[in-house]
Amino acid sequence: MATKIATFVTMLLFWVLLSGMFDAFHLSVGVLSCLLVTLFSHELLFYGDKKRSWLHGTLGVVRYFPWLFWQIVVANLQVAYIVLHPRMLDLIDPRLIRFKTFLKRPIAKVALAQSITLTPGTITVNIDEDQFTVYALTRSAAESLPGEMERRVGKALEPAS
Amino acid sequence: MLWIAGSLVVAGMFFFAVGVIGLLRFPDFYTRLHAAGKCDSLAAVLVILGVALYNLADFSLASLLVSLKILAIAVFVFVASPTATHAIAEAALVIGVEPWSKKDQEQ
């Protein structure tokens, strides 16, 4: 029930944000459609199980984002340095690497893949079951994987074990 | 406020410029994909933040809603950009585009 209410409130806030109209007609249409969406797909947005409440999981995701953004900034500066370096070809050493992840939930794997692709210097090429194929621009970018990012995604999205 | 917004946009433009330079300088398809797909993520977000902040200069409910919508663009970019990059990279790998490596340089 709590996840239903949370989904409904989130949807309604998004509706109000996009419509920007506060008269009775627009609000009631919004409430109606948010109720329908909540009924059909309330288990998609917030996820929880017996070991771990949905609120805990959502807070984990919220805590993960600032860290991810900081990683993106740092990695962007590194790539900017490589791009602008006069002897750029000596600095880069592209390679394909493969590693196995301990993440189980599909959404956690996708989040890790997107995070890897977002941080410059690494692109996730493929996920096959628990096998990640990543294309890295430099040796150091390749060696930093999976490492801390996987741990943090696991903390944010995996049920506690 | 105007100064912060301006410097965010200028910083974003710097990263866009780096992305373009990288696109021209890198040796092969995959490394160019790095430059194109990556610098864009931060650069676009910086520019979007700057524009959203600039829009808040005369504060009202309407301008706040518009700024939040602009921020929603940043969220979509964050989801769509890596997905596209990943799709292009995998397509190239499936077709069999050879990656550049250190050995090619020495020959």
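Only a predicted model underlies this, so the values are computations on that prediction, with no experimental measurement involved.

**Student:** Break down the overall build of chain B for me, citing the residues and quoting the values.
**Tutor:** Counting its regular elements, chain B contains four helices and zero strands. Helices and strands in chain B line up, N terminus first, as α-α-α-α. Taking 107 residues into account, the globule formula puts the C-alpha radius of gyration at 13 Å, and chain B, at 18 Å, lies well above it. Reported as C-alpha extents along the three principal axes, the dimensions of chain B are approximately 60 × 25 × 15 Å.

**Student:** Report on the overall build of chain A, specifying residues and quantitative values.
**Tutor:** Per the secondary structure count, chain A includes seven helices and three strands. Mapped from its N terminus to its C terminus, chain A presents α and β elements in the order α-α-α-α-β-α-β-β-α-α. A buried classification covers 26% of the 161 residues belonging to chain A. Nonlocal contacts in chain A, meaning residues at least 24 apart in sequence, comprise 66% of its contacts between residues at least 6 apart.

**Student:** Which residues make up the environment of A:Arg139, and what values go with them?
**Tutor:** Residue and element names in this part refer to chain A. Relative to the assigned elements, Arg139 resides in helix α6 (residues 139-143). The partly exposed category is assigned to Arg139, around which 14 C-beta atoms lie within 10 Å. For the pair Arg139 and Pro94, spaced 45 residues apart in sequence, the C-alpha separation works out to 7.3 Å.

**Student:** With reference to specific residues and values, describe the interface of chain B and chain A.
**Tutor:** At the interface, 30 residues of chain B touch 27 residues of chain A. Elements that contribute at least two residues to the side of chain B that touches chain A include exactly α1 (2-25), α2 (29-55), α3 (61-95) and α4 (102-106) of chain B. Top contributing element to the side of chain B that touches chain A by residue count: α3(B), with 10 residues.

**Student:** Explain the sheet that holds strand β2 (residues 122-128) of chain A to me, using residue names and the numbers behind them.
**Tutor:** Taken in spatial order, the three strands make up an open sheet running β1-β3-β2 (chain A), and their pairing is antiparallel. Only two strands of the sheet have a single partner each, and these edge strands are β1 (95-100) and β2 of chain A. Mean inter-strand twist for the sheet, computed between neighbouring axes without regard to direction, equals 25°. Sheet analysis places β2(A) next to strand β3 (residues 131-136) of chain A, joined by six bridges and oriented antiparallel. When the sheet's bridge partners are listed, A:Ile127 is paired in β3(A) with A:Phe132. Sheet strands touched by helix α5 (residues 106-118) of chain A: β2 and β3 of chain A. Its angle to β2(A), the strand with the most contacts, is close to 155°. With respect to the sheet, α3(B) is in contact with β2 and β3 of chain A, its orientation differing from that of β2(A) by roughly 70°.

**Student:** Describe the domain arrangement of chain A, listing the residues and the values that go with them.
**Tutor:** Domain annotation for chain A reports domain 1 (2-45) and domain 2 (54-157). Computed over C-alpha atoms, the centres of domain 1 of chain A and domain 2 of chain A are 33 Å apart.

**Student:** How would you explain the nonpolar core if you had to name every residue and give the values?
**Tutor:** One broad rule of soluble globular proteins: the nonpolar side chains tend to lie buried together. Core analysis: the largest hydrophobic core is formed by 39 residues, its most contacted members being A:Leu112, A:Val134, A:Tyr135, A:Val153, B:Phe15, B:Cys39 and B:Leu46. Counting residues per element, the ones that place at least two in this core are α3 (54-84), α5, β2, β3 and α7 (147-157) of chain A together with α1 and α2 of chain B. Looking at which element gives the most residues to this core, the answer is α2(B), with 12 residues. In this structure, A:Tyr135 is in contact with A:Pro94, A:Leu96, A:Ile123, A:Val125, B:Tyr30 and B:Ala89, ignoring residues within four places of it in sequence.

**Student:** Could you give me a rundown of the packing of α5(A) against α3(B), with the residues and numbers involved?
**Tutor:** Packing of α5(A) against α3(B) leaves a shortest axis separation of 9 Å and a crossing angle of 85°. Between α5(A) and α3(B), the angle is such that the two are roughly perpendicular. Residue-level contacts link A:Ala113, A:Gln114, A:Thr117 and A:Leu118 of α5(A) to B:Phe78, B:Pro82, B:Thr85 and B:His86 of α3(B). Classifying every residue of the contact of α5(A) with α3(B) by side-chain character gives four nonpolar, four polar and no charged.

**Student:** Describe in detail the pairing of β3(A), supporting the description with residues and values.
**Tutor:** Working note: regular strand, side chains alternate between the two faces of the sheet. Residue and element names in this part refer to chain A. Strand direction decides the pairing type here: β1 and β3, joined by six bridges, are antiparallel. Residue pairing in the sheet places Leu96 in a bridge with Tyr135 of β3. Counted between consecutive antiparallel strands, the loop separating β2 from β3 contains two residues, among which Glu129 sits at a positive phi close to 55°.

**Student:** I'd like a rundown of the packing of helix α1 (residues 2-19) of chain A against helix α2 (residues 24-45) of chain A, residues and numbers included.
**Tutor:** All names here are of chain A. Between α1 and α2, the least distance of the axes is 8 Å, while the angle of their chain directions is 135°. Between α1 and α2, the interaxial angle falls into the category oblique. As α1 packs across α2, the resulting crossing turns out to be right-handed. The residues of α2 that touch α1, namely those facing Thr3, Lys4, Thr7, Phe8, Thr10, Met11, Leu12, Trp15, Val16 and Ser19, are His26, Gly30, Val31, Cys34, Leu35, Val37, Thr38, His42, Glu43 and Leu45. By residue class, the composition of the contact of α1 with α2 is 10 nonpolar, eight polar and two charged.

What counts, and where the lines are drawn
- Residues numbered from 1 in each chain as written.
- Chains lettered and ligands numbered in written order.
- Predicted model: local features only at pLDDT ≥ 70, side-chain atom pairs only at ≥ 80, totals over all residues.
- Helix = DSSP H or I, 4+ residues; strand = E, 2+ residues; numbered from the N terminus.
- Rg over C-alpha atoms; globule rule 2.2 N^0.38 Å.
- Buried ≥ 20, exposed ≤ 12 C-beta atoms within 10 Å, placed from the backbone.
- Contact = placed C-beta atoms within 7 Å.
- Pairing = 2+ DSSP bridges.
- Axes fitted to C-alpha atoms, helices over the stretch in contact; angles between N-to-C directions.
- Domains from an automatic or database assignment.
- Core = buried A, V, L, I, M, F, W, Y, C linked by C-beta atoms within 7 Å.
- Parallel < 35°, antiparallel > 145°, perpendicular 65-115°, else oblique.
- Nonpolar A, V, L, I, M, F, W, Y, C, P; charged D, E, K, R; others polar.
- Left-handed = near helix turned anticlockwise from the far one by under 90°.

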